[in-house]
Amino acid sequence: MKQIVIIFSMILLSVNTHIINADSNVPQSKIDMIIQMPDTWDEPQRSLSSPLIEAYIDHESGTVTVLLNEIGTAEVYILNHSNQIIDYAMQNTEVISTVYLSTDVPGFHSVVVISDTCYAEGYFTL
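Residues numbered from 1 in each chain as written. Predicted model: local features only at pLDDT ≥ 70, side-chain atom pairs only at ≥ 80, totals over all residues. Heavy atoms only, no water.

> Even after reading the chapter, I still don't get a nonpolar patch on the surface, so can you show me in this structure?
On the surface, a nonpolar cluster with roughly 310 Å² of combined accessible area is contributed by Ile85, Tyr88 and Met90. Mapping tyrosine 88 onto the fold places it in strand 7 (residues 85–92). (Patch = residues over 30% accessible without salt bridge, like charges linked within 9 Å, V, L, I, M, F, W, Y side chains within 5 Å. Areas by Shrake-Rupley, 256 points an atom, 1.4 Å probe, with all protein chains shown as cover. Salt bridge = Lys/Arg side-chain N within 4 Å of Asp/Glu carboxyl O. Helix = DSSP H or I, 4+ residues; strand = E, 2+ residues; numbered from the N terminus.)

Below, the structure written as C-alpha cells:
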C-alpha cells in the first residue's frame, strides 16, 4: 500500500511541477498541504488550518517544520524535483508531534506525509 502511495506522489509531483510557494521571499511560511483520508481518496482536501498536519518552511535555514496529531505512525519525507529523498523522519503521533527536516539544496521540493490513516503532500521552493 505504501509503495502505491509513494508512486502516486511521484506522479503528482511530476505533473504538478508548476506548483510552488508564492511567498519564497518570506523567511518562514506555511506550506499548503493536500490531505487525503482513506474514505476520501478520490477527493483531495486542501488544509487551511487542519489539526492533523501542518507544515512550515524557513527559507533562510531550509528547515521544514511539520506538526502532526493523531494520525498514527507517520513517515515524513522531503523530496527534490527528481523525487529523490532529501530528508526523512518517522514519528509516532499519539500526541501533537513536531518533526524537523532540512534541505540546503535550492529548487523545487515536496513534503510528503504517509501514515495508515492519511496521506498528505505540499510543495515549496527554496
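Still to come is the rest of the account.
> I'm lost on the sheet that holds strand 1 (residues 28–31) in this one. Help?
Think of a sheet as strands paired side by side through backbone hydrogen bonds, with each pair either parallel or antiparallel. Strand order in the open sheet formed by 4 strands is 1-4-5-8, and the pairing between neighbours is antiparallel. The open sheet has two edge strands with one neighbour each: strand 1 and strand 8 (97–102). Taking the axes of each pair of neighbouring strands and ignoring which way they run, one obtains an average angle of 25° across the sheet. (Pairing = 2+ DSSP bridges. Axes fitted to C-alpha atoms, helices over the stretch in contact; angles between N-to-C directions.)

> Would you mind going over the nonpolar core with me for this structure?
Within soluble globular proteins, side chains that are nonpolar generally end up buried alongside one another. If you look at the biggest cluster of nonpolar residues, it comprises 21 residues, and the most contacted ones within it are Met33, Ile53, Val66, Leu68 and Val113. The next biggest cluster of nonpolar side chains, apart from the first, holds 5 residues, and it includes Tyr77, Leu79, Val112 and Ile114. (Core = buried A, V, L, I, M, F, W, Y, C linked by side-chain atoms within 4.5 Å. Buried < 20%, exposed > 50% of the residue type's maximum accessible area, 1.4 Å probe, protein only.)

> How should I be thinking about the environment of isoleucine 78 in this particular structure?
Tracing the sequence through the fold places isoleucine 78 in strand 6 (residues 73–80). Residue classification places isoleucine 78 among the buried positions, given a relative accessible area of 0%. Once the C-alpha coordinates of isoleucine 78 and glycine 122 are considered, the two residues, 44 residues apart in sequence, prove to be 9.7 Å apart. Setting aside residues no more than four positions away along its own chain, isoleucine 78 makes contact with Val64, Gln84, Ile85, Ile86, Asp87, Leu101, Ser102, His109, Ser110 and Phe124. (Contact = heavy atoms within 4.5 Å.)

> Sorry if this is basic, but what is going on with the confidence of the model for the chain here?
Atomic detail in the predicted coordinates should be set aside for any region of low pLDDT. Across the chain, the average pLDDT comes to 77, with 68% of residues at 70 or higher. The low-confidence segment residues 4–26 (pLDDT under 50) makes 36 contacts with residues lying over four places distant or belonging to another chain. (pLDDT = per-residue confidence, 0-100.)

> It is not clear to me how the side chain of serine 115 should be interpreted in this structure. Could you clarify?
Tracing the backbone shows serine 115 in the loop between strand 9 (108–114) and strand 10 (119–125). Reaching out from serine 115, the side chain makes a polar contact with the side chain of threonine 117 at a distance of 3.2 Å. (Polar contact = N/O pair within 3.5 Å; in protein donor to acceptor, adjacent residues only side chain to side chain.)

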